[in-house]
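Summary of the model geometry
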Amino acid sequence: MVLSRFAPAPTGFLHLGHVVNANHVWGLTKASGGRVLLRIEDHDRQRSRPEYERAILEDLEWLGFVADEPFVRQSDRSAIYEGALARLRSAGLVYACDCSRKDIAAAGESDTELRYPGTCASKGLPEKPGLGLRVRLAPSVESFDDLVHGPQAQRPWEQCGDLLVRDREGNWTYQFVATVDDFEQDVTLVIRGDDLLASTGRQIQLARLLGRTEPPQFLHHRLIMKTPAQKLSKSDGDTGVRDLRARGWRASQVVGHAAALAGLATMGTDLDAREVGRLFERDGPTV
């Protein structure tokens, strides 16, 4: 059975981009007879706020997106992450790093994203507060089939270098906890926006290092834009679910509008969240 996840970070309120993702997650999963779990990704302790978590849960309920299992918080799963880190450490793959983003940016080894050049890989720094932790990545090619974009081949070691798994403030990183959670929770289908397509190869490699022999399937959907050259902006008041609610929009209007922006429905469509599976019953991505 397909198991997918909707995984918002409580660092702000839900916006139309989240609703687009929810349409894909619930729609594709329900169309295939699967289940959806809800995961609150509050690994960033400095930016996560309880009031945002409450608002996310309230807005999801108002929209009508209902998970099939009780939600989990990453902040409650530290023991699981420590266990995963210990497995990597025992394999000799973990080392401490004292580099800042400024240090890495100064190295300037990549034009596309910040690539860590391995500065601390052989320093033998002790693991202690104030230092980050990285996992050694092999210079391999990670191949996978994206359910929208087709065959992909990525080289994580060339893209990002050795992977940061805990930062200098003691926060687990997104790449690490998302990979561990998807493995530990038996997620079989990861549905997310195109902005995370480049992360897939490194997460597949990390999961394999942790013992996952069969990676999940991945589907990356397009992001929504106001115009071909302009992204939707929270400051314009046209993306926030709470803003739209305050302006008198119905939940079905918000869900339908997000579907239309994603090219899944025509503008002006009202859509009940419980019916988003029909968006993918014909001519949609195949799971």
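My aim in this report is to walk through the structure given alongside it, one point at a time. Since the model is a prediction, treat every value here as computed from it, not as a measurement.

It is worth spelling out the pairing of strand β9 (residues 189-193) at this point. Every other side chain in a regular strand lies on the same face of the sheet, so the side chains alternate between the two faces. Buried residues dominate β9, accounting for 5 of its 5 residues. Bridge count between β9 and strand β10 (residues 217-221): 5 bridges; the pairing is parallel. Of the residues in β10, the one forming a bridge with Val190 is Phe218. Handedness of the crossover joining β9 and β10 through helix α7 (residues 200-210) is recorded here as right-handed.

Applying the stated criterion to the full structure yields 1 cavity of 30 Å³ or more. Estimated volume of the largest cavity: approximately 70 Å³. Looking at the largest cavity, the residues that line it are Thr179, Asp182, Phe183, Val190, Gln203, Ile204, Ala207, Arg212, Pro215, Pro216 and Phe218. At the level of elements, α6 (174-184) and α7 are the ones that each hand at least two residues to the lining of the largest cavity.

Attention now moves to the environment of Arg245. Residue placement: Arg245 occurs in helix α8 (residues 241-246). Residue contacts for Arg245: discarding those within four places in its chain leaves Glu58, Asp59 and Trp62. A distance of 2.8 Å separates a polar atom in the side chain of Arg245 from a polar atom in the side chain of Asp59.

Of all hydrophobic cores here, the largest spans 34 residues; its most connected members are Trp26, Leu63 and Phe65. With 7 residues, helix α1 (residues 16-31) is the single largest residue contributor to this core. With residues up to four places along the chain from it excluded, the contact list for Trp26 reads Phe6, Val36, Phe65, Val66, Ala67 and Val276. Grouped together as the second largest cluster of nonpolar side chains are 20 residues, Val94, Leu131, Leu133 and Val177 included.

The next point concerns the pattern of salt bridges. Evaluation of the coordinates by the stated rule reveals 22 salt bridges. One salt bridge in this structure joins Arg250 and Asp270, with 2.3 Å as the shortest N-O distance. Of this pair, Arg250 sits in the loop between α8 and α9 (251-261) while Asp270 sits in the segment after α9, and the two are 20 residues apart along the sequence. Judged by its relative accessible area of 35%, Asp270 is partly exposed.

What follows covers the side chain of Asp181. Mapped onto the elements, Asp181 comes out in helix α6. At 2.8 Å, the side chain of Asp181 and the side chain of Tyr81 are in polar contact.

If you walk through the whole model with that rule in mind, you get 6 aromatic pairs. Their ring planes at 40° and their centres at 5.0 Å tell us that Trp26 and Phe65 sit as a pair that is tilted. Of this pair, Trp26 sits in helix α1 while Phe65 sits in the loop between α2 (50-63) and β3 (72-73); the two residues are 39 residues apart in sequence, bridging distant segments of the chain. Overall, Trp26 belongs to the buried group, its relative accessible area being 4%. Given a relative accessible area of 5%, Phe65 falls into the buried group. Through pairs of rings, three or more aromatic residues link up here, namely Phe6, Trp26 and Phe65. Directly above the aromatic system of Trp157 lies the positively charged group of Arg115, at a separation of 4.6 Å from the ring centroid. Sitting over the face of the ring of Tyr116, Arg134 holds its NZ or CZ atom 3.7 Å from the ring centroid.

Reading the values: rules and limits
Residues numbered from 1 in each chain as written. Predicted model: local features only at pLDDT ≥ 70, side-chain atom pairs only at ≥ 80, totals over all residues. Heavy atoms only, no water. Buried < 20%, exposed > 50% of the residue type's maximum accessible area, 1.4 Å probe, protein only. Helix = DSSP H or I, 4+ residues; strand = E, 2+ residues; numbered from the N terminus. Pairing = 2+ DSSP bridges. Right-handed = clockwise from strand over helix to strand, strands pointing away. 1 Å grid on protein atoms, 1.4 Å probe; cavity = no way out; pocket = protein on both sides within 12 Å on 5 of 7 lines; lining within 4 Å. Points joined across faces, edges and corners; volume = space filled by probe spheres on them. Contact = heavy atoms within 4.5 Å. Polar contact = N/O pair within 3.5 Å; in protein donor to acceptor, adjacent residues only side chain to side chain. Core = buried A, V, L, I, M, F, W, Y, C linked by side-chain atoms within 4.5 Å. Salt bridge = Lys/Arg side-chain N within 4 Å of Asp/Glu carboxyl O. Phe/Tyr/Trp six-rings, centres within 6.5 Å; stacked < 30°, edge-to-face > 60°. Lys NZ or Arg CZ within 6 Å of the ring centre and 35° of its normal.

Keep in mind these values describe shape, not function.
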